[in-house]
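Below, each chain spelled out in residue letters.
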Amino acid sequence: MFDRFCECEVKYIKKAPTGDGYIVYFAWHGSGRREFSRVFEQDLMWVHAKKFVFLGAGTLGTTEILLRSKQVGLPMSDQVGTRMSGNGDILGFGYNTDVVANAVAKAQPDPTHPVGPTITGIIDCRDQPNALDGFVIEEGAVPSALVPGLQLLLEATPGKIYPELGSRFQQFIRRKLSWILGPYNPGGSIERTQIYLIMSHDSNQANLVLNENNKPVIRWRGVGRSEHVKYLNKLLADATNLVGGTFVNNPFFAALGEQEVSRAGSITLSIKS
Ligand SMILES: Cc1cc2nc3c(=O)[nH]c(=O)nc-3n(C[C@H](O)[C@H](O)[C@H](O)COP(=O)(O)OP(=O)(O)OC[C@H]3O[C@@H](n4cnc5c(N)ncnc54)[C@H](O)[C@@H]3O)c2cc1C
């Protein structure tokens, strides 16, 4: 039989003293109990799971519960919380290519020529000798609310990879067309911009630990510098340059991420719970 308890935050699990199953301790958020922060955190409720406990609190929540359970004596591998990674997400832009991509949405879409939904097709490159080298390239689209600032954003993003000189004159004309006639002009640079989404595997570069306040923190060590990410960015750049376009990295990463990583050497992220 399954029981469902709502508004409950599982804190930790112990082996049942009677030897049958586990005791799951949780803080109940109901009836405004959160207002009494000290009591609320200390006065835990519990439920007895007679045989098994399956944790489904997501990557971060599950690890947090396991680490806290380890603190209170549940036998646990030392590997829990180590070697964490994201799913190697990469956002990139093939800006100002020779080909119309139709990837920027309009408030009044043309039903014969719609934009989106996204991720309707993939280039599947998962079949690699090492499974961790596998990746997929998917297509994205820009919501109409973001379109007005898109050209400025893409042109201001540092670290672009340009095509051969021969393509530059046409690129110049397309950029001007977009600036003058707007982003939806089929001859302009924005209508000829492809949005790439990659799902892959990061290197194992993060640890999740509990800090002095017993809250989870995740420490990333140079996620953006993974060799694999560099390889995938190069792949996107080569594909973009071949169709006369400029490869633009994720603007947030280009402007903030890389600098932050190289300056600090690591990133620590506190998780609110
Ligand atoms: C921005 C974003 C976009 C994504 N896009 C896609 C996509 O396009 N396609 C795709 O396949 N996947 C996508 N994913 C990934 C997908 O959402 C996750 O892989 C999936 O939701 C994981 O499911 P889960 O049940 O393991 O964890 P979750 O969905 O994270 O569920 C965990 C639940 O446990 C609860 N919880 C946490 N801690 C506790 C606790 N201590 N006590 C009680 N409850 C707790 C949380 O509140 C949450 O409700 C995306 C994820 C993100 C963040």
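Residues numbered from 1 in each chain as written. Predicted model: local features only at pLDDT ≥ 70, side-chain atom pairs only at ≥ 80, totals over all residues. Heavy atoms only, no water.

Take the packing of aromatic side chains next. Under the defined criterion, the tally for this structure stands at three aromatic pairs. Aromatic pair phenylalanine 5 and phenylalanine 26: ring centres 6.0 Å apart, planes at 40°, arrangement tilted. Of this pair, phenylalanine 5 sits in the segment before strand 1 (8-15) while phenylalanine 26 sits in strand 2 (residues 22-28); the two residues are 21 residues apart in sequence, bridging distant segments of the chain. When its relative accessible area of 45% is taken as the criterion, phenylalanine 5 is described as partly exposed. According to the relative accessible area criterion, phenylalanine 26 is buried, its value standing at 7%. With 4.9 Å between their ring centres and 35° between their planes, tyrosine 12 and tyrosine 25 make a pair best called tilted. (Phe/Tyr/Trp six-rings, centres within 6.5 Å; stacked < 30°, edge-to-face > 60°. Helix = DSSP H or I, 4+ residues; strand = E, 2+ residues; numbered from the N terminus. Buried < 20%, exposed > 50% of the residue type's maximum accessible area, 1.4 Å probe, protein only.)

Between its first and last C-alpha, helix 5 (residues 227-242) extends 23 Å over 16 residues, near the 22 Å set by a 1.5 Å rise per residue. When helix 5 is considered as a whole, its buried residues turn out to be His228, Val229, Leu232, Asn233, Leu236, Ala237 and Thr240. Looking at the buried side of helix 5, the elements it contacts are strand 4 (90-95), strand 6 (135-140), strand 7 (194-199) and strand 10 (246-249). Phi turns positive, to about 70°, at glycine 244, one or two residues after helix 5. (Expected span 1.5 Å × (residues − 1). Contact = heavy atoms within 4.5 Å.)

What follows is about the site of the ligand. Residues in contact with the ligand, as listed here, are Cys8, Glu9, Val10, Gly56, Ala57, Gly58, Gly61 and Ile65. Here a nitrogen atom of the ligand sits 2.9 Å away from a polar atom, N or O, in the main chain of valine 10. Its free accessible area being 1000 Å², the ligand has 23% of it covered by the protein chains. Tallied by class, residues from the shell around the ligand come to four nonpolar, three polar and one charged. (Near = heavy atom within 4 Å. Polar contact = N/O pair within 3.5 Å; in protein donor to acceptor, adjacent residues only side chain to side chain. Areas by Shrake-Rupley, 256 points an atom, 1.4 Å probe, with all protein chains shown as cover. Nonpolar A, V, L, I, M, F, W, Y, C, P; charged D, E, K, R; others polar.)

For the rest of this paragraph, the subject is the pairing of strand 8 (residues 206-210). Alternating residues of strand 8 divide into Ala206, Leu208 and Leu210, all buried, and Asn207 and Val209, none buried. With five bridges connecting them, strand 8 and strand 9 (residues 216-220) associate as antiparallel partners. Residue pairing for strand 9: leucine 208 is matched across the bridge by isoleucine 218. Here strand 8 hands over to strand 9 after five residues, with asparagine 214 in that stretch at a positive phi of 65°. (Pairing = 2+ DSSP bridges.)

Once that is clear, we can look at the side chain of lysine 11. Following the sequence through the fold, lysine 11 ends up in strand 1. With relative accessibility at 5%, the residue lysine 11 sits in the buried group. Within the structure, the side chain of lysine 11 is placed 3.2 Å from the side chain of glutamate 9, a separation counted as a polar contact. What lysine 11 contacts, discounting residues up to four positions off in sequence, is Tyr25, Phe26, Ala27, Glu41, Leu44, Ile65 and Arg68.

As enumerated under the stated definition, the model contains seven salt bridges in all. The shortest N-O distance in the salt bridge between arginine 68 and glutamate 64 comes to 2.8 Å. Taken as a pair, arginine 68 and glutamate 64 lie in helix 2 (residues 58-71) at a separation of four residues, close to a single helical turn. Glutamate 64 carries the same exposure label as arginine 68, and that label is buried. (Salt bridge = Lys/Arg side-chain N within 4 Å of Asp/Glu carboxyl O.)

Low pLDDT means the predicted coordinates in that region are not meant to be read closely. In this model, the protein carries an average pLDDT of 87, and 89% of its residues clear a pLDDT of 70 or more. In this model residues 258-267 is a low-confidence stretch, pLDDT under 50, and it forms 16 contacts with partners more than four residues away in sequence or in other chains. (pLDDT = per-residue confidence, 0-100.)

With that settled, the discussion passes to the sheet that holds strand 1. Within the open sheet, the three strands sit side by side as 1-2-3. Their pairing is antiparallel. Looking along the sheet, the strands with just one partner apiece sit at the ends: strand 1 and strand 3 (45-49). In this sheet, neighbouring strand axes are inclined to one another by 25° on average, regardless of whether the strands run parallel or antiparallel. Relative to strand 3, strand 2 runs antiparallel, the two sharing five bridges. Following the sheet pairing, valine 24 is matched in strand 3 by valine 47. (Axes fitted to C-alpha atoms, helices over the stretch in contact; angles between N-to-C directions.)

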